[in-house]
Amino acid sequence: MEAESPKPSDIRFAAMNFLAMREHSAKELKEKLGRKYSAWPCLLDSVIQALIEQNLQSDERFATAFIAMRQRQGKGSQLIRLELRERGISAELIAACLDESDAEWQSLACDARRKRFGNQIPHDQRERARQMRFLQTRGFASRHIQQAFNAVDTDYC
C-alpha cells in the first residue's frame, strides 16, 4: 500500500510553522520538510518557491538575521561566512550582507578577547599567540585580530 500524496497546503502549513519560529534559508526549509515529505521532492520545491514568491521566505532576510545573531554571540566574519554557505546562501548574497570592512569586526574581536582574557596586554609571544588562536577559532579574519591587538597595544580596546 503506497502512502497518499500530501496536499500542498499540508506542506505549506508545516513550512509556515518553521518560519514562524525563526527565519530559515530555502535549503534549511527544504531539508526540514524533506524529513517528513521526502517522497515528494517536486512538491516541496513548488511549495518553497511559492513561499519565496510571496516573500514569506527570504534568503536575504535569513542572512541578515543570522549575521546579527552570530555577531551578538561574538563570532567573526570568517565563521559566519562559512556557516551561511553551509545553509545554502549564495556567495553574492553573503558578500552583499557581510561587510568585512566594517569597523565593528575589530570591536567584536577586541570584545571577545577582553571577555576571555581580561584587559591585560599579553606579556609574551606565547600568550599573544594563544589569544590570537582563540580569536581565530571564533572566526575572526587575520586583519581584525591584528587590529584588535594593535588597539590593545595603544590602549583603545
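Residues numbered from 1 in each chain as written. Predicted model: local features only at pLDDT ≥ 70, side-chain atom pairs only at ≥ 80, totals over all residues. Heavy atoms only, no water.

## Examining unusual backbone geometry
- If you check the backbone angles, asparagine 55 has positive phi at about 60 degrees while not being a glycine.
- Note that asparagine 55 resides in the loop between helix H3 (41–53) and helix H4 (59–72).
- For asparagine 55, a relative accessible area of 48% translates into the label partly exposed. (Helix = DSSP H or I, 4+ residues; strand = E, 2+ residues; numbered from the N terminus. Buried < 20%, exposed > 50% of the residue type's maximum accessible area, 1.4 Å probe, protein only.)

## What to know about the side chain of arginine 70
- Mapping arginine 70 onto the fold places it in helix H4.
- Of note is the side chain of arginine 70, whose polar atom sits 2.3 Å from the side chain of glutamine 73.
- Here arginine 70 is in contact with Lys75, Leu79, Ile80 and Glu83, once residues within four sequence places are set aside. (Polar contact = N/O pair within 3.5 Å; in protein donor to acceptor, adjacent residues only side chain to side chain. Contact = heavy atoms within 4.5 Å.)

## Things to note about the pattern of salt bridges
- Under the criterion given, the structure shown has seven salt bridges.
- A salt bridge links arginine 22 to glutamate 28; the shortest N-O distance between them is 3.3 Å.
- The buried category is assigned to glutamate 28, whose relative accessible area is 10%.
- One salt bridge in this structure joins aspartate 45 and lysine 30, with 2.7 Å as the shortest N-O distance. Of this pair, aspartate 45 sits in helix H3 while lysine 30 is found in helix H2 (residues 26–37), placing the two residues 15 residues apart along the sequence.
- When its relative accessible area of 34% is taken as the criterion, lysine 30 is described as partly exposed. (Salt bridge = Lys/Arg side-chain N within 4 Å of Asp/Glu carboxyl O.)

## Section: the environment of serine 77
- The residue serine 77 is located in helix H5 (residues 77–86) in this model.
- A C-alpha to C-alpha distance of 21 Å links serine 77 and phenylalanine 117, two positions 40 residues apart in sequence.
- Filtering out sequence-adjacent residues up to four positions away, serine 77 remains in contact with Leu98, Glu100, Trp105, Gly139, Ala141 and His144.

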